[in-house]
Amino acid sequence: MEGLFPTGPKAFRVRFLAEEPFSLEALEGADRVLALTYSASEGLIRELAPKVGEMEVVFGHPTPVGKLDQLLALQALVLEEVQGEVRGSEAVLEALRAGRLRLLLSRRASHAKLYLVEKGGRRFALAGSANLSRRALEGGQAEVLFLVEDEEGVERLLALYREVRGEADLVRPEVLLRQAAPEDLPLLQAAEKRPVVVQVPKEVPVVYRAEVVLRRAKAYEPVAKEAKARPGGVEIPPKAVKALRLGRARSEEEEGPPFLEVREEEGGVFALGELRPFLSLEDPGVREEAFAMARFLNRYLSGHFLHEEEAREQAEAYFRLWAWYWTAPLMSRLLRRAHLEGLSPHNYPLYALVFGKSGAGKTTFLRLLSRSLVGAPVDPIPGTELGKRALLALHESGSEFPVVFDDVTPRDFSEKVEPVVKSLYETPRGTLTPVAFSFNASQAYVPPEEIRRRAFLVHAQAVLDETRPEAANRVRAEAERDLLLVRGAFFRAFLPGLLEALREEEDWLLASTRVLTGLLGEVLGAPPPWARPVSLADLSQGRLAEVKEKMRALLKVHRLEWKAGKPHLRLGPDARRIGRELPGWLVEEVQGDVLVLKAKGLEKLGLGGRIPWWPFRS
């Protein structure tokens, strides 16, 4: 194609006339905005799109690539950035559906930042170094902008825009609302209908071969293998997209968590590419699986674990985790129902946190639960791969399969998970993939109250008696044998009863543990000692007793003082940490090394009247 810059970039000759301040108000209220950028951030598209009549943005990418698969990988990264810009805004989604907002991905490297604006009969262009971000366009960083108002100059820049747009592909609105599959790239959607020729440089400096692009490029290797060299570039034929789809289907089980969706109206579970019907206890394999999973928890009562009381409590806690894991595929639906019916969304946890001593069977039990949903081994994701972006991408995958991160560090959980957890419960959303985290923690570790309110907690403290290595190894071997017997049948026999129970019962934990206890009772002749119906109210009472015991211990060591009518507890450098571990109805604030409490919170714990200097004693 004979473009504006056939032999390299050209310089536009300009003359300085004046300098004037610029703000985003210059774009607001415009009839039309056309933009070239390679980055957008801080929600600027979400804010600006509803304030203009029509907006079109072409996203380039600043990095040249030497292979077709790397070009597609870069487009995938840009698409993820665009998705983050538009989600969560009904006004933006409506503009996308109506065609008033159009987002395109460029097929070739483009570093241009250009804005063409029509507003009230006036046309002008802005060119320079500023990307489409609030920080760039509102003075948060050093940028240069040139304002072009003469007709010839605007037309010349419009021609540049049209040239770049001619080699860009429109992103369909529906792709922006979910985690995009590799074949969802608009370039590949175009190539699926007819061959597309794209230009790819033959040689690229090594400095540009970013590791993240090379990793992402592996997903597009099937396309590169089917592509053919053509004059002027590389041709992507329709069969290349077909090869990508087939390759992804074959590798889905190996490369990540499986896709799972409960389809009540179709009477089954869609998993690993097929619809699997609901079952009953009389169907083949169901009772055998129930026996195998019950045996796993019965081993905590076998005498091979240290401290009998801790082992019994752990079996009960793992039974509750089992109930959460098998209800988790429905949790985002229950969360939406909670928003519609005015229930507390925090009662429907999308997260489970399994923490405690090393060697307590956390990883093995989570592997068993993962396998029990799909009947195939599903390895947990290593904690080293945990990140905020990765976590958000998992949530938006559209799958209802509960993903497990194993061996997460408490620090990573605090820095990478807590900020995401706090943002998920405020507004109703579509399907959100549930996540379980497992990590080793000392006896002193206490999850922050913000996490307690939003996650399902399981404390693992019973460990095998390693002074008897033969017995310990036998327990591990038996657990592995039982794991192989689990094929997903018992889960499919459980789901019909749970779905029926949840129609009337708001308490998911009570519904799930009641159904599971009943099924185990039918299979085993009587429910195991660790299996019994448990309600969220039961857990709340247990938490209340735990907080009361903690406050009693603090009051034995630290004197309660009254200032401005509020109880103060001087705790030293631990004040902030302890304040995060206690509920909001008890803690007013932390002032340096002082914990300011709420009098009514102490009364709720029944501790107020027992303090001799209590000012409100009747």
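Above this text is the structure in question.
Residues numbered from 1 in each chain as written. Predicted model: local features only at pLDDT ≥ 70, side-chain atom pairs only at ≥ 80, totals over all residues. Heavy atoms only, no water.

A. Here's a closer look at helix 18 (residues 489–502). In a regular helix each residue adds 1.5 Å, so 14 residues correspond to 20 Å; helix 18 covers 21 Å between its end C-alpha atoms and thus fits that length. Along helix 18, the sharpest kink reaches roughly 25 degrees, centred on Leu 495 and followed within four residues by the proline Pro 496. The buried fraction of helix 18 amounts to 10 of the 14 residues, a majority that puts the element mostly inside the structure. Among all positions of helix 18, only Ala 489, Phe 490, Phe 491, Arg 492, Ala 493, Phe 494, Leu 495, Leu 498, Leu 499 and Leu 502 are buried. (Helix = DSSP H or I, 4+ residues; strand = E, 2+ residues; numbered from the N terminus. Expected span 1.5 Å × (residues − 1). Bend = angle between axes of the 7 residues up to and from the residue. Buried < 20%, exposed > 50% of the residue type's maximum accessible area, 1.4 Å probe, protein only.)

B. Layout of helix 13 (residues 362–374). In this model, helix 13 (13 residues) spans 19 Å end to end at C-alpha, consistent with the 18 Å of a helix rising 1.5 Å per residue. With 10 of 13 residues buried, helix 13 lies mostly within the body of the structure. Taken together, the buried positions of helix 13 are occupied by Lys 362, Phe 365, Leu 366, Leu 368, Leu 369, Ser 370, Arg 371, Ser 372, Leu 373 and Val 374. Immediately beyond the C-terminal end of helix 13, within one or two residues, lies Gly 375, with a positive phi of roughly 75 degrees.

C. Just the sheet that holds strand 8 (residues 145–148), in detail. Spatial strand order, 8-6-5-1-3-4-9: 7 strands in an open sheet with mixed pairing. In the strand order of this sheet, the two ends are held by strand 8 and strand 9 (168–170), each with one partner. Across the sheet, the axes of successive neighbouring strands diverge by a mean angle of 15 degrees, strand direction being ignored. Sheet topology places strand 6 (residues 122–128) next to strand 8; 4 bridges connect them, and they run antiparallel. Along strand 8, the bridge assignment pairs Leu 126 with Leu 147. (Pairing = 2+ DSSP bridges. Axes fitted to C-alpha atoms, helices over the stretch in contact; angles between N-to-C directions.)

D. Molecular detail of the packing of aromatic side chains. Taken as a whole and assessed by the stated rule, the structure comprises 20 aromatic pairs. Taken together, a centroid distance of 6.3 Å and an interplanar angle of 70 degrees make the contact between Phe 259 and Phe 270 edge-to-face. You can see Phe 259 sitting in the loop between helix 9 (238–255) and strand 13 (260–263) and its partner Phe 270 sitting in strand 14 (residues 268–271), a full 11 residues away along the chain. On the numbers, 6.4 Å between centres and 35 degrees between planes, the contact of Trp 322 with Trp 530 is tilted. Taken together, the residues span a long stretch of sequence, with Trp 322 in helix 11 (residues 308–327) and Trp 530 in the loop between helix 19 (508–524) and helix 20 (536–557) at a distance of 208 residues. The exposure class of Trp 322 is buried, given its relative accessible area of 0%. Chaining the aromatic ring pairs together yields one cluster made of Phe 319, Trp 322, Trp 326, Phe 490, Phe 491, Phe 494 and Trp 530. Here Arg 263 stacks its cationic end above the ring of Phe 270, 4.2 Å away from the centre of that ring. (Phe/Tyr/Trp six-rings, centres within 6.5 Å; stacked < 30°, edge-to-face > 60°. Lys NZ or Arg CZ within 6 Å of the ring centre and 35° of its normal.)

E. Expanded view of the pairing of strand 24 (residues 594–597). Because side chains alternate across strand 24, one face comprises the buried residues Val 594 and Val 596, and the other comprises Leu 595 and Leu 597, equally buried. Both strand 22 (residues 566–570) and strand 24 contribute to a ladder of 3 bridges, which runs antiparallel. Residue pairing for strand 24: Leu 569 is matched across the bridge by Leu 595. In this structure, strand 23 (residues 587–591) lies alongside strand 24, joined through 4 bridges in antiparallel fashion.

F. Structural context of the side chain of Arg 263. One can find Arg 263 in strand 13. Side chain to side chain, Arg 263 and Glu 261 meet in a polar contact 2.8 Å long. When residues no more than four places from it in sequence are discounted, the contact partners of Arg 263 are Gly 268, Phe 270, Leu 275 and Phe 278. (Polar contact = N/O pair within 3.5 Å; in protein donor to acceptor, adjacent residues only side chain to side chain. Contact = heavy atoms within 4.5 Å.)

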